[in-house]
Amino acid sequence: MTVAEAKPLKRDRQTLVRAIDHTKLTFAPGEDQEAAIKKLCQEAKDYGFYAVCVRPQHIALSKKELQGSDVKVATVIGFPQEKMDLAAEKQSATVGNPSTMEKLAEVGETLKNGADELDLVLNVALFKREMASGGNLSETLAELHEIQNASQGRPVKVIIETDLLTDEEIARATRACVEAGVAMVKTSTGMLNGGRGATPEGVGIIRRTIDEMKAPTEIKASGGIKNAEQAFHFLEQGVSRLGTSSGIDLVQETSS
């Protein structure tokens, strides 16, 4: 597939469900988190989603609830605790800013609890500082390599937070992910109030960069995917995985 071509794709329910990471990373005030995670896992089994994506503290419960099924448990590393303001983050990014040591400790704990996949948040402020200082991404790459090495073979998906990056930065962040050997480049945390999340334009830049590097790196589109048309369009762009809390709605829009 060249970058200009759409990926031939059967727009059916099975194609969609096997691409979805059924996601629950935020909770309403007073929401029963244990009940919500149990519900998420049951839905993932009922619909046949590829994975659930949960916070580290919910891995053990998710593994228990999914025992005997094929559904994977993905978790997040260095992920924001609360929703953030897009304008404020553009002024001074805090996304992904826990230290490498903190992230490595989180990786160790998540693997102990049985996580199958790791969704790592790029240190956006560090990346931007290195880009502004000539583009030598030595510290950014060092962190990516360390997390990749610590993952014990689990797929690592790096969230580059496209809403905070220029087109040039999206391409360079993608190159860094490829250079570090991670499994996937992921668009967004979905935690920026006012952010667009995954967009065809952002995914297109990631896809072209990976194709130019002739790399096997895959793409996960996440953030703002609310209908089946969006989802199928991303899959046709060459996206392998969709991160969404609206997975059931997407599937129910798909007739067969």
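One numbering rule holds for all chains: residues counted from 1, following each sequence as written. Totals for whole chains, interfaces and linings use every residue, but because this is a predicted model, local features are given only for residues with pLDDT of at least 70 and side-chain atom pairs only at 80 or more, for both listing and counting. Calculation of side-chain values draws on the structure's entire complement of heavy atoms; hydrogens and water are dropped beforehand.

Peer 1: Outline the overall build of the chain, supporting the account with residue identities and numerical values.
Peer 2: Here a helix means four or more residues in a row that DSSP labels H or I, a strand means two or more in a row labelled E, and each is numbered from the N terminus. Looking only at helices and strands, the chain features eleven helices and ten strands. The globule rule puts the C-alpha radius of gyration for 256 residues at 18 Å, and the 17 Å found for the chain is close to it. In terms of its C-alpha atoms, the chain occupies a principal-axis envelope of roughly 50 × 40 × 35 Å. When a residue's accessible area, from a 1.4 Å probe over protein chains only, is under 20% of the maximum for its type it is buried; when over 50% it is exposed; and in between it is partly exposed. Burial statistics for the chain: of 256 residues in total, 53% are counted as buried. Taking the contacts inside the chain whose residues are at least 6 apart along the sequence as the reference set, 72% of them involve residues at least 24 apart. All accessibility values rest on the Shrake-Rupley procedure with a 1.4 Å probe; residue burial counts only the protein chains present in the view. Accessible area for the chain stands at about 11400 Å²; split by element, carbon and sulfur atoms hold 46% of it. We treat Lys and Arg as the positive residues and Asp and Glu as the negative residues; His and chain ends play no part in the count. The location of each charge is read from NZ of Lys, CZ of Arg, CG of Asp or CD of Glu. Of note, the chain has its 31 positive side-chain charges centred 3 Å away from the centre of its 37 negative side-chain charges. It is over C-alpha atoms that the radius of gyration is taken, and the globule rule equals 2.2 Å times the number of residues to the power 0.38. Whether two residues touch is decided by their heavy atoms; if any such pair falls within 4.5 Å, the residues are in contact.

Peer 1: Run through the sheet that holds strand E3 (residues 72-77), naming residues and quoting values.
Peer 2: Ordered in space as E1-E2-E3-E5-E6-E7-E9-E10, the eight strands form a closed barrel in which the pairing is parallel. For this sheet, the mean angle separating the axes of adjacent strands, direction not counted, is 25 degrees. By the convention used here, strands pair only if DSSP detects at least 2 bridges between them. Here strand E1 (residues 20-24) runs beside strand E10 (residues 241-244); their pairing, made up of three bridges, is parallel. Its bridge partner being in E10, His-22 is matched across the sheet by Thr-244. Axis definition: a line fitted to C-alpha atoms, over the contacting stretch in the case of helices. Angles run 0 to 180 degrees between N-to-C directions. Strands strand E2 (51-54) and E3 of the sheet are contacted by helix H3 (residues 59-66), whose axis makes an angle of about 170 degrees with E3.

Peer 1: Can you explain unusual backbone geometry? Please cite residues and give values.
Peer 2: Across the chain, the bulk of peptide bonds are trans and the bulk of non-glycine residues have phi less than zero. Located in the positive-phi region is Gln-152, a residue other than glycine, with phi close to 55 degrees. Here Gln-152 shows up in the loop between helix H7 (138-150) and strand E6 (156-159). Its identity is not glycine, yet Lys-214 carries a phi of approximately 50 degrees, on the positive side. Here Lys-214 shows up in the loop between helix H9 (200-212) and strand E9 (218-222).

Peer 1: Explain the packing of helix H6 (residues 124-132) against helix H8 (residues 167-180) residue by residue, including any values.
Peer 2: It is the contact of H6 with H8, at a shortest axis distance of 11 Å, that shows an interaxial angle of 105 degrees. Between H6 and H8, the crossing angle belongs to the class labelled roughly perpendicular. Contacts from Phe-127, Lys-128 and Met-131 in H6 reach Glu-168, Glu-169, Arg-172 and Ala-173 in H8. Think of it as three bins: nonpolar holds Ala, Val, Leu, Ile, Met, Phe, Trp, Tyr, Cys and Pro, charged holds Asp, Glu, Lys and Arg, and polar takes everything else, Gly as well. A class-by-class count of the residues in the contact of H6 with H8 yields three nonpolar, no polar and four charged. Orientation labels follow simple angle bins: below 35 degrees gives roughly parallel, above 145 gives roughly antiparallel, 65 to 115 gives roughly perpendicular, and whatever is left gives oblique.

Peer 1: Break down the nonpolar core for me, with residues and values.
Peer 2: Of all hydrophobic cores here, the largest spans 76 residues; its most connected members are Leu-16, Val-158, Ile-160 and Leu-242. For this core, the element with the highest residue contribution is H8, accounting for six residues. In this structure, Val-158 is in contact with Leu-120, Leu-122, Leu-144, Cys-177, Val-182, Met-184, Val-185 and Lys-186, ignoring residues within four places of it in sequence. We call a set of buried residues a nonpolar core when its members are Ala, Val, Leu, Ile, Met, Phe, Trp, Tyr or Cys and they connect through side-chain atoms within 4.5 Å of each other.

Peer 1: Tell me about the environment of Gly-96, and name the residues and values.
Peer 2: Structurally, the position occupied by Gly-96 is in the loop between helix H4 (86-91) and helix H5 (100-112). Relative accessible area serves as the criterion here: at 2%, Gly-96 is assigned to the buried category. Between the C-alpha atom of Gly-96 and that of Lys-220, which follows or precedes it by 124 residues, the distance is 17 Å.

Peer 1: Explain helix H2 (residues 33-47) residue by residue, including any values.
Peer 2: In this model H2 runs 21 Å from its N-terminal to its C-terminal C-alpha over 15 residues, within 8% of the 21 Å that 1.5 Å per residue would give. Within H2, burial applies to Ala-36, Ile-37, Leu-40, Cys-41, Glu-43 and Ala-44. The arc enclosing the buried residues of H2, seen along the axis, measures out at 160 degrees, which places them on a common side. Those residues of H2 that are exposed and angled more than 90 degrees off the buried face are Lys-39 and Asp-46. The secondary structure elements touched by the buried residues of H2 are E1, E2, H3 and helix H11 (247-253). Between N or O atoms, a polar contact is any pair within 3.5 Å; within protein, one atom must be a potential hydrogen donor and the other a potential acceptor, and residues adjacent in sequence are included only when both atoms are from side chains. Among the residues of H2, the N-terminal cap falls to Asp-32, whose side-chain oxygen and the backbone nitrogen of Glu-34 are separated by 3.2 Å. At the C-terminal side of H2, Gly-48 shows a positive phi close to 80 degrees. Here the expected length of a helix is defined as 1.5 Å per residue gap, with one fewer gap than residues. Of all possible arcs, the one meant is that of the directions from the helix axis to the C-beta atoms.

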